[in-house]
Amino acid sequence: NAGVTQTPKFQVLKTGQSMTLQCAQDMNHNSMYWYRQDPGMGLRLIYYSASEGTTDKGEVPNGYNVSRLNKREFSLRLESAAPSQTSVYFCASSVDRGDYGYTFGSGTRLTVV
Amino acid sequence: GENVEQHPSTLSVQEGDSAVIKCTYSDSASNYFPWYKQELGKRPQLIIDIRSNVGEKKDQRIAVTLNKTAKHFSLHITETQPEDSAVYFCAASKADKLIFGTGTRLQVFP
């Protein structure tokens, strides 16, 4: 039982490159979330998917897109990376929406140079 | 609006002392309040939570209290140990998601 699995764990991109962060959960959770955490800062919501087939913008969606591929998988895409997107990205899942605690993945440390 | 305020931002205590972190929320419809602990370089992990029909919940050395009228909730850690050193985040439910506080860095000195 892996919980929430994120890949890759580390990535270095050049400005303008694109990449997709992958997230998968094996807990049959309905809701999934993408956060970014800058050094010494809190968690900022990028996008979320309350249920399979839906996605919504969070607090800081600019420069990102998401896909809820199926109930298990929720990917985050950076189309044209910028240095301001250097951050640690966490994926999380919940049984159902905000009424239950989140389980977080181990994070992806992204550096854009 | 969506807002959870958390205080203090940093907290230093001597080993064995108690630590209290306080949060306030703005949405009266919020009914679920979890607390997360994030150690350096690790993911946030759920340590305790409380629902709006309960005023207090304890789990060994940690407890959470909720005052729905005042829209306050607090985390209490007793007999602190060096391994309690971490960043703690409170959160409140709002519709499809949780709204997180800005975090409290707790340092426990031996």
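Use the structure listed above.
Since the model is a prediction, treat every value here as computed from it, not as a measurement.

A. The arrangement of the overall build of chain A in detail. Broken down by element type, chain A carries zero helices and eleven strands. Traced from its N-terminal end to its C-terminal end, chain A shows the element sequence β-β-β-β-β-β-β-β-β-β-β. Its C-alpha atoms give chain A a radius of gyration of 13 Å, within 12% of the compact-globule value 13 Å for 113 residues. Projecting the C-alpha coordinates of chain A onto the three principal axes gives extents of approximately 35 × 25 × 25 Å. Relative to its 113 residues, chain A shows a buried fraction of 49%.

B. Here's a closer look at the packing of aromatic side chains. Scanning the entire structure with this criterion turns up 16 aromatic pairs over all chains. Judged by centre distance (6.1 Å) and plane angle (50 degrees), the ring pair of Tyr35 of chain A and Tyr102 of chain A falls under tilted. In this pair, Tyr35 of chain A sits in strand E4 (residues 31–37) while Tyr102 of chain A sits in strand E10 (residues 102–104), placing the two residues 67 residues apart along the sequence. Residue Tyr35 of chain A is classed as buried on the basis of its relative accessible area of 1%. Members of the aromatic cluster, connected to one another through ring pairs, are Tyr33, Tyr35, Tyr48, Phe90, Tyr102 and Phe104 of chain A together with Tyr36 and Phe100 of chain B.

C. Structural view of the pairing of strand E3 (residues 19–25) of chain B. Residues and elements named next belong to chain B. Along E3, the buried face is formed by Ala19, Ile21, Cys23 and Tyr25; none of Val20, Lys22 and Thr24, which line the opposite face, is buried. The pairing of E3 with strand E8 (residues 72–77) spans six bridges and is classified as antiparallel. Along E8, the bridge assignment pairs Cys23 with Phe73.

D. View of the sheet that holds strand E8 (residues 74–78) of chain A. All names here are of chain A. With antiparallel pairing, the four strands of this open sheet are ordered in space as E1-E3-E8-E7. With one partner strand each, in any of the chains shown, strand E1 (4–7) and strand E7 (64–68) form the two edges of the open sheet. On average, each strand axis in the sheet is tilted by 15 degrees relative to the strand beside it, whichever way the strands run. Pairing of strand E3 (residues 19–25) with E8, which is carried by three bridges, proceeds in the antiparallel orientation. Each residue of the ladder has a partner; that of Thr20, found in E8, is Arg77.

Procedures and definitions
Residues numbered from 1 in each chain as written. Chains lettered and ligands numbered in written order. Predicted model: local features only at pLDDT ≥ 70, side-chain atom pairs only at ≥ 80, totals over all residues. Heavy atoms only, no water. Helix = DSSP H or I, 4+ residues; strand = E, 2+ residues; numbered from the N terminus. Rg over C-alpha atoms; globule rule 2.2 N^0.38 Å. Buried < 20%, exposed > 50% of the residue type's maximum accessible area, 1.4 Å probe, protein only. Phe/Tyr/Trp six-rings, centres within 6.5 Å; stacked < 30°, edge-to-face > 60°. Pairing = 2+ DSSP bridges. Axes fitted to C-alpha atoms, helices over the stretch in contact; angles between N-to-C directions.

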